[in-house]
Amino acid sequence: MVEISTSLLSVKKDNIIKAIYNLETAKTDYFHIDVMDGIFVEQDTTEKMIEYCDYLSNITNIPLDVHLMVSDVKKYIDMFLPYNPNIITIHYEAIKDKNELLDTLDYIKLNNCKAGISIKPDTDITEILEILENVHVVLVMTVEPGQGGQELIQTVLNKINNLSMYVKEKNLDVLIEADGGININNVEDVKEAGAEIIVSGTAIINSDNYSDVIKKMKTP
Ligand code: DX5
Ligand code: ZN
């Protein structure tokens, strides 16, 4: 059964505490923390995501799935490690040098956290095949990173499928996570393609019944 990682990006500050409680009751498997620095992507959500992580650390034990859409990767890893995230995912496009990328992934793991690599819609999986044994999760962006509420880019499903076949063929211990524009109408296609963790923001947050949507997304 897939796991659901609910993005808090679209939750308004005056509703965050209630949303956390309701998502915990609705049994989200992770809270997806979308950290944007205003450089790697246009929006800057740093202050909001720090505030939300402060609330989360006082309210719930549900694991944090931190998605860093930032250029100064190490600075932001250090900023979010204190919240003991379960996963910290960095963007392949943020660190071009392979050795620096591997060192950064090791740094995440040495700090007792699973390491994820994320690729934008236009980045081919061939760019990351050689580092798959160094990560726990591949976060495949099904929208251009930078904001919630976008339409899923259908062509990325082929990429997820190709990656899934490669991981199975090589018997790699890597989870595939899909992120962006996923709702109850297209989630089956995303699961069919091979995603094992589903990130969803607006489709859950804008619904009037979180647990209904999460249950529908999880049910095979
Ligand atoms: C986009 C973020 C996604 C997004 C998901 O840059 O990485 O996590 O917030 O939200 P929806 O499900 O609304 O696309
Ligand atoms: Zn995300």
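It should be emphasised that the depicted structure is a prediction, and the values quoted were computed from it without experimental measurement.

Engineer: Go over the side chain of E177, please, and point to the residues and values.
Structural biologist: By secondary structure assignment, the location of E177 is in strand β7 (residues 175-179). It turns out E177 is buried and unbridged, and the closest side chain with the opposite charge, K114, is 11 Å from it. Dropping the residues within four chain positions of it, E177 is found in contact with S5, H32, D65, V137, V138, L139, V140, I197 and V199.

Engineer: Just give me the short version of the coordination of the zinc ion (ligand 2), but keep the residues and values in it.
Structural biologist: Taken together, H32 (NE2), D34 (OD), H67 (ND1) and D179 (OD) make up the full set of protein donors to the zinc ion (ligand 2), lying 2.1 to 2.3 Å away. For the zinc ion (ligand 2), the six donor atoms in the first shell make angles of 72 to 175° at the metal, a pattern classed as octahedral. Read in sequence order, the donor residues coordinating the zinc ion (ligand 2) give the pattern H-x1-D-x32-H-x111-D. One end of the pair, H67, is in strand β3 (residues 64-69); the other, D179, is in strand β7, and 112 residues separate them in sequence. We note that H67, like D179, is buried.

Engineer: Got a sec to walk through the pattern of salt bridges? Specific residues and values, please.
Structural biologist: This model, assessed by the stated rule, comprises eight salt bridges. Residues E47 and K13 are paired through a salt bridge, measuring 2.8 Å at the closest nitrogen-oxygen approach. One end of the pair, E47, is in helix α2 (residues 46-59); the other, K13, is in the loop between β1 (3-7) and α1 (16-25), with 34 residues separating them in the sequence. The exposed category is assigned to E47, whose relative accessible area is 52%. Given the relative accessible area of 37%, K13 is considered partly exposed. Its salt-bridge partner being E188, residue K191 comes within 3.0 Å of it at the nearest N-O pair.

Engineer: Tell me what's going on with the packing of aromatic side chains, and back it up with residues and numbers.
Structural biologist: Using the criterion set out here, one finds one aromatic pair in the structure. Their ring planes at 50° and their centres at 6.1 Å tell us that F80 and Y83 sit as a pair that is tilted. Here the two residues F80 and Y83 agree in accessibility, since each one is buried. A cation over an aromatic ring shows up here: K74 above the ring of Y107, its NZ or CZ 4.2 Å from the ring centre. The ring of F40 has K120 sitting right over it, with the charged end atom 4.9 Å from the ring centre.

Engineer: Report on the pairing of β7, specifying residues and quantitative values.
Structural biologist: Most of β7 sits out of view: four of its five residues are buried. Relative to β7, strand β6 (residues 137-141) is paired through five bridges, and the arrangement is parallel. Bridge assignment links M141 to a residue of β7, and that residue is D179. The parallel pair β6 and β7, bridged by helix α5 (residues 156-169), forms a crossover whose chirality is right-handed. Taken together, β7, helix α6 (residues 187-193) and strand β8 (residues 197-200) form a β-α-β motif whose crossover is right-handed.

Conventions we followed
- Residues numbered from 1 in each chain as written.
- Chains lettered and ligands numbered in written order.
- Predicted model: local features only at pLDDT ≥ 70, side-chain atom pairs only at ≥ 80, totals over all residues.
- Heavy atoms only, no water.
- Helix = DSSP H or I, 4+ residues; strand = E, 2+ residues; numbered from the N terminus.
- Buried < 20%, exposed > 50% of the residue type's maximum accessible area, 1.4 Å probe, protein only.
- Lys, Arg positive; Asp, Glu negative; His and termini not counted.
- Salt bridge = Lys/Arg side-chain N within 4 Å of Asp/Glu carboxyl O.
- Contact = heavy atoms within 4.5 Å.
- Donors = N, O, S within 2.8 Å, 3.2 Å for Na, K, Ca; no water.
- Tetrahedral: all angles 85-135°; square planar, octahedral: opposite > 155°, others 65-115°.
- Phe/Tyr/Trp six-rings, centres within 6.5 Å; stacked < 30°, edge-to-face > 60°.
- Lys NZ or Arg CZ within 6 Å of the ring centre and 35° of its normal.
- Pairing = 2+ DSSP bridges.
- Right-handed = clockwise from strand over helix to strand, strands pointing away.

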